[in-house]
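Fold and contact review
Given next are the chains, with one letter for each unit.
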Amino acid sequence: MQLNHESVPFRNQEFPIILVCDTILFQPNIGSLFRISEAFGVEKILFLGIGNQMNPRKINKTSRSTHLHVAYELFETKEALSNYLTTNDFEIIALEITSESKPLAEVEIPKNKKIALLIGNEIDGISETFLKKSHQVIHIEMFGKNSSMNVVQATGIALYELTRKMK
């Protein structure tokens, strides 16, 4: 029998993870990032450069109202966001395919340090500025001809692996 929201056996848990969004622009993706973040117990989402893209009426359909429950903060400049990450001493883990990235399964979770999972723009990925600040750069191994996937699906896969290792 299929379970409803009230009868699922999962327990609420928050993880020391923040999701850092480097200029995510499409409102359905913004809404879906709230939903996936809520599902994986992410503490907060940090959005860079989205300004007027944060329209609760437009993101509600994909967020399924999770934007009302997940903390978030907007940053206008890379410098402000970069300072926030440095000041708060996050382990910055970038989700991007690069010449030096390692498979997601090899991600290292440091003890007693919060994780900042950095994801990139739907077209251009993570900016060079943030790739250089990252402590680890990871990618999802793929086996088809395509070399990328939607930012929300990739984030869900990464959050699954991070939370699995943290439990």
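Everything in this summary refers to the structure shown in the same document. (Residues numbered from 1 in each chain as written. Predicted model: local features only at pLDDT ≥ 70, side-chain atom pairs only at ≥ 80, totals over all residues. Heavy atoms only, no water.)

1. Regarding the environment of Q153
Relative to the helices and strands, Q153 is located in helix α5 (residues 151-166). In this structure the C-alpha to C-alpha distance between Q153 and N29, which are 124 residues apart in sequence, comes to 9.7 Å. (Helix = DSSP H or I, 4+ residues; strand = E, 2+ residues; numbered from the N terminus.)

2. As for the pairing of strand β2 (residues 42-48)
Burial analysis of β2 places five of its seven residues in the buried class, which makes it a mostly covered element. Relative to β2, strand β1 (residues 15-22) runs parallel, the two being bridged by six bridges. Residue pairing across strands places L19 opposite I45, the latter belonging to β2. Once the chain exits β1 it traverses helix α1 (residues 27-39) before rejoining the sheet at β2, and the crossover so formed is right-handed. Note: β2 against strand β3 (residues 71-75), five bridges, orientation parallel. Looking across to β3, one finds that K44 is bridged to A71. (Buried < 20%, exposed > 50% of the residue type's maximum accessible area, 1.4 Å probe, protein only. Pairing = 2+ DSSP bridges. Right-handed = clockwise from strand over helix to strand, strands pointing away.)

3. Side note on the nonpolar core
Among soluble globular proteins, nonpolar side chains are generally buried collectively. Grouped together as the largest cluster of nonpolar side chains are 31 residues, with contacts concentrated most on L117 and I119. Broken down by secondary-structure element, the contributors of at least two residues to this core are β1, α1, β2, β4 (91-95), β6 (115-119) and α5. Ranked by residues supplied to this core, first place goes to α5 with six residues. Once residues lying within four places of it in the same chain are set aside, the contact partners of I119 are L19, V20, C21, D22, I24, L33, L95, I126, V151 and T155. L46, F90, I126 and V137 belong to the second largest nonpolar core, which has 16 residues in total. (Core = buried A, V, L, I, M, F, W, Y, C linked by side-chain atoms within 4.5 Å. Contact = heavy atoms within 4.5 Å.)

4. A few points about the side chain of Q136
On the secondary structure map, Q136 appears in strand β7 (residues 136-139). With a relative accessible area of 7%, Q136 lands in the buried category. Among the polar contacts made by the side chain of Q136, one reaches the side chain of K102 at a distance of 3.2 Å. Setting aside residues no more than four positions away along its own chain, Q136 makes contact with E91, I92, I93, A94, K102, V107 and E108. (Polar contact = N/O pair within 3.5 Å; in protein donor to acceptor, adjacent residues only side chain to side chain.)

5. Topic: the sheet that holds β1
Taken together, seven strands build an open sheet; the order of strands is β3-β2-β1-β6-β4-β7-β5 and the sheet is parallel. Bordering the open sheet on either side are β3 and β5 (102-103), each of which pairs with just one other strand. Where β5 lies against β7, two bridges are found, and the strand directions are parallel. Directly across from P103, in β7, lies its bridge partner H139. Each of β1, β2, β3 and β6 is contacted by α1, which is oriented at about 160° to β2, the strand it contacts most. In the packing of helix α3 (residues 78-87) onto the sheet, the strands contacted are β1, β2, β3, β4 and β6, and the crossing angle to β2 comes to about 155°. (Axes fitted to C-alpha atoms, helices over the stretch in contact; angles between N-to-C directions.)

Geometric descriptors of this kind do not, in isolation, establish any biological role.
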